[in-house]
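As a plain string of letters, each chain reads:
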Amino acid sequence: MVRVLVVDDSPLDRRLSGSLLKKRAGMEPMYAENGVEALQVIARSAPEIVLTDLQMPEMDGLELVEAIRREHPYLPVILMTAHGSEEIAVQALRRGAASYVPKRNLAAELVSTIENVLAVARLDRREQQLLACLVATESQFELDNDVAKVPALVGHIEQSLGRMRLCDETGRIQVAVAMREALVNAIVHGNLEVSSSLLDEDASAFSALVEQRRRERPYRDRRVHVVARETRTEAIYVVRDDGPGFDPRGLPDPTDLANLEKPSGRGLMLIRTFMDEVRHNEKGNEIRMVMRCRAGVSDGGLEGSGG
């Protein structure tokens, strides 16, 4: 069973989140009313993931994220965002949260978001005990348009990042989430040319069109090209699709908090929040992401916040 700690001062919202998790086989909800109680539950029961509200008494969601990153660096945190909490949500993402789900979209997105974060967080910890003599690594991949293959590639990239000790476990999860978003965008929006606006309007029609185009020409013959370079000072990831591209100047502003609630803007929002530098090429079919060394990495993670 995957133990999910739900932290929310609202009994109604706790019950709602818990009922959604119980409907998914293999998920067991646990509960806390605020951050202080959540830390006690974590110490006592060791959940695999934390789902937390942001606005709570005693210790709010932002303070909880910081405490978990400091005391339990291997434990991923997902935020539940409500209207009016956008600014604190962005701060929490920057300080260690792995992803977020708008409260108004819990029924549609909660379980899948938890599964996606767990997929990139569950690595064999022994694989992260790496050779001290490694100074650089580079990998190149060519993917077809099967989104199911993305977690394996992301896991490989996360392990390579760990070998260079550029960041702590939280940083590796954040890079993995950003890479997953970039790869899915390249497949769905780039190669398959399925518009993100359809996701906002009709999620079922969006999924159906993705599956349809995976079998049709010219979409099915396109590939996603990935280059991953890690050194002891920075990691550079380039993701390019074979689609027609787009005008990057038309992208929604990821710093505009109004876009936080839109499903179609989540990927870019997470990428720009988690990576230190993000650029698109002029054609709009390639994204270049850079993460620089988070100072103070040791065998046990970061010494201090590390930015």
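Before reading on, note that the structure itself is shown above.
Definitions and cut-offs
- Residues numbered from 1 in each chain as written.
- Predicted model: local features only at pLDDT ≥ 70, side-chain atom pairs only at ≥ 80, totals over all residues.
- Heavy atoms only, no water.
- Pairing = 2+ DSSP bridges.
- Helix = DSSP H or I, 4+ residues; strand = E, 2+ residues; numbered from the N terminus.
- Axes fitted to C-alpha atoms, helices over the stretch in contact; angles between N-to-C directions.
- 1 Å grid on protein atoms, 1.4 Å probe; cavity = no way out; pocket = protein on both sides within 12 Å on 5 of 7 lines; lining within 4 Å.
- Points joined across faces, edges and corners; volume = space filled by probe spheres on them.
- Nonpolar A, V, L, I, M, F, W, Y, C, P; charged D, E, K, R; others polar.
- Salt bridge = Lys/Arg side-chain N within 4 Å of Asp/Glu carboxyl O.
- Buried < 20%, exposed > 50% of the residue type's maximum accessible area, 1.4 Å probe, protein only.
- Parallel < 35°, antiparallel > 145°, perpendicular 65-115°, else oblique.
- Left-handed = near helix turned anticlockwise from the far one by under 90°.
- Contact = heavy atoms within 4.5 Å.

Trainee: Provide a residue-level description of the sheet that holds strand β4 (residues 77–81), including the pertinent values.
Mentor: Across the sheet, five strands lie side by side as β2-β1-β3-β4-β5; this open sheet has parallel pairing. Taken across any chain shown, the strands that pair with only one partner, and hence form the sheet edges, are β2 (27–32) and β5 (99–102). The average angle at which neighbouring strand axes cross in this sheet is 25 degrees, direction not considered. Two strands pair when backbone bridges link them, and strand β1 (residues 2–7) and strand β3 (residues 49–53) are joined in this way by four bridges, in the parallel orientation. Each residue of the ladder has a partner; that of Val4, found in β3, is Ile49.

Trainee: Go over empty space enclosed by the protein with me, naming the residues and quoting the values.
Mentor: With a probe scaled to a water molecule rolled over the atoms, the places where space remains empty come into view. By the definition in use, this model includes three cavities of 30 Å³ or more. In this structure, the second largest cavity spans a volume of roughly 70 Å³. Along the walls of the second largest cavity sit 13 residues, with Leu75, Pro76, Val77, Gly96 and Thr170 positioned nearest its centre. Those elements that place two or more of their residues in the lining of the second largest cavity are α3 (61–71) and α7 (169–191). Per-class residue counts for the lining of the second largest cavity are nine nonpolar, three polar and one charged.

Trainee: A description of the pattern of salt bridges should follow, citing residues and the corresponding values.
Mentor: Within the structure shown, the criterion is met by 19 salt bridges. Glu66 is the salt-bridge partner of Arg95, the closest N and O atoms lying 2.5 Å from each other. Of the two residues, Arg95 sits in the loop between α4 (86–94) and β5 while Glu66 sits in helix α3, which places them 29 residues apart along the sequence. The exposure class of Glu66 is partly exposed, given its relative accessible area of 28%.

Trainee: Let's hear about the sheet that holds strand β8 (residues 234–241): which residues, and what values?
Mentor: Spatial ordering of the open sheet is given by β6-β7-β8-β10-β9, a layout of five strands whose pairing is antiparallel. The open sheet is flanked by β6 (136–143) and β9 (277–280), the only strands paired with a single partner. Averaged over all neighbouring strand pairs, the angle between strand axes comes to 10 degrees, with direction disregarded. One ladder, built from seven bridges, connects β8 with strand β10 (residues 286–292); its direction is antiparallel. When the sheet's bridge partners are listed, Glu234 is paired in β10 with Arg292.

Trainee: Any chance you could break down the packing of helix α1 (residues 11–22) against helix α5 (residues 106–121) for me, citing the residues and the numbers?
Mentor: Here α1 crosses α5 at 60 degrees, and the two axes come no closer than 10 Å. Here α1 is positioned oblique relative to α5, judged by the angle of their axes. At the point where α1 passes α5, the crossing takes the right-handed sense. Across from Leu16, Ser17, Leu20 and Leu21 in α1, the residues of α5 making contact are Leu106, Ala107, Leu110, Val111 and Ile114. Each residue belonging to the contact of α1 with α5 can be placed in one class, and the counts come to eight nonpolar, one polar and no charged.

Trainee: Break down the packing of helix α6 (residues 150–164) against α7 for me, with residues and values.
Mentor: It is at 9 Å that the axes of α6 and α7 come closest, and there the two elements cross at 145 degrees. Judged by the twist between their axes, the crossing of α6 over α7 is right-handed. In this structure, α6 contributes Val150, Leu153, Val154, Ile157, Glu158, Leu161 and Gly162 to the contact, and α7 contributes Glu169, Arg172, Ile173, Val175, Ala176, Met179, Arg180, Leu183 and Ile187. Of the residues belonging to the contact of α6 with α7, the class tally is 11 nonpolar, one polar and four charged.

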